[in-house]
Amino acid sequence: MSKIAVVTGAASGIGEEAAHDLVAHDWAVYGLDVTQDGLDKTAAALKNDRFHPVLCDIRSAEAVQSAMAEIGNRTGKINALIASAGVNRLGALSEMSVEDFNLVFDVNVRGLWLSARETIPFLRAAAKDGELARIVMLSSVSALRPKIEGGAYAASKIAVSQLTRVMEVECA
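Residues numbered from 1 in each chain as written. Predicted model: local features only at pLDDT ≥ 70, side-chain atom pairs only at ≥ 80, totals over all residues. Heavy atoms only, no water.

With that settled, consider the nonpolar core. Ranked by size, the top nonpolar core spans 30 residues in total, and within it Val6, Leu32, Val54, Cys56, Ile58, Ile71 and Met137 carry the most contacts. Among the elements of the structure, β1 (4–8), β2 (28–33), α3 (61–75), β4 (80–83), α4 (98–128) and α5 (151–171) are those that each provide at least two residues to this core. For this core, the element with the highest residue contribution is α4, accounting for 9 residues. Residues in contact with Met137, not counting those within four places in the same chain, are Ala83, Leu112, Trp113, Val160, Leu163, Thr164 and Met167. (Core = buried A, V, L, I, M, F, W, Y, C linked by side-chain atoms within 4.5 Å. Buried < 20%, exposed > 50% of the residue type's maximum accessible area, 1.4 Å probe, protein only. Helix = DSSP H or I, 4+ residues; strand = E, 2+ residues; numbered from the N terminus. Contact = heavy atoms within 4.5 Å.)

Structure representation (structure tokens):
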């Protein structure tokens, strides 16, 4: 059986590139994204039956739980989560709307945490069988070098860095 990866943000950017790379290396990839058009574009570009598009808004605990349960129950395991979904809203923190700030944190932090939380039981199943089991959570250099009008994004990415460290200790 091939290795199974879940990639969030698979319709564009780093997530799309990760999906392409994993499929090229014979992984079965379940690509999650909030945009059906983007998932269709990724699937069309791959032209491969190892890419499985999954429409999922990672801001929703119910949607993530349902998607991961469906994937994990279908495959029996998950070998890797590439948590790469992310958004940015530019603006000074003192002027940013609550909605924009919440969107950045809901996708970049909460969504990655939900994805990891729901994937861990299936990663543990793979590890129990002696297989690879990894979580890759994408942060950004902005976490260490914030830019003017990029405060919400930078703050969310430093949160992702710390979240990753804590989950590493908890899952060891």
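Time to look at the pattern of salt bridges. Overall, the coordinates contain 7 salt bridges when judged by the stated rule. With a shortest N-O distance of 3.5 Å, Asp26 and Arg50 are connected by a salt bridge. Linking Asp26 in the loop between α1 (13–24) and β2 with Arg50 in the loop between α2 (36–46) and β3 (51–55), this pair joins segments that are 24 residues apart in sequence. On the basis of relative accessibility, which here comes to 25%, the residue Arg50 falls in the partly exposed class. We note a salt bridge from Arg74 to Glu70, for which the minimum N-O separation is 2.8 Å. Of this pair, Arg74 and Glu70 are both found in helix α3, 4 residues apart, which corresponds to roughly one turn of the helix. (Salt bridge = Lys/Arg side-chain N within 4 Å of Asp/Glu carboxyl O.)

Overall, parallel pairing links the 5 strands, which are arranged β3-β2-β1-β4-β5 in an open sheet. The open sheet has two edge strands, β3 and β5 (134–137), and neither has a second partner. Across the sheet, the axes of successive neighbouring strands diverge by a mean angle of 15°, strand direction being ignored. Note that β2 and β3 share 5 bridges and pair parallel. Bridge pairing links Leu32 to Val54 in β3. (Pairing = 2+ DSSP bridges. Axes fitted to C-alpha atoms, helices over the stretch in contact; angles between N-to-C directions.)

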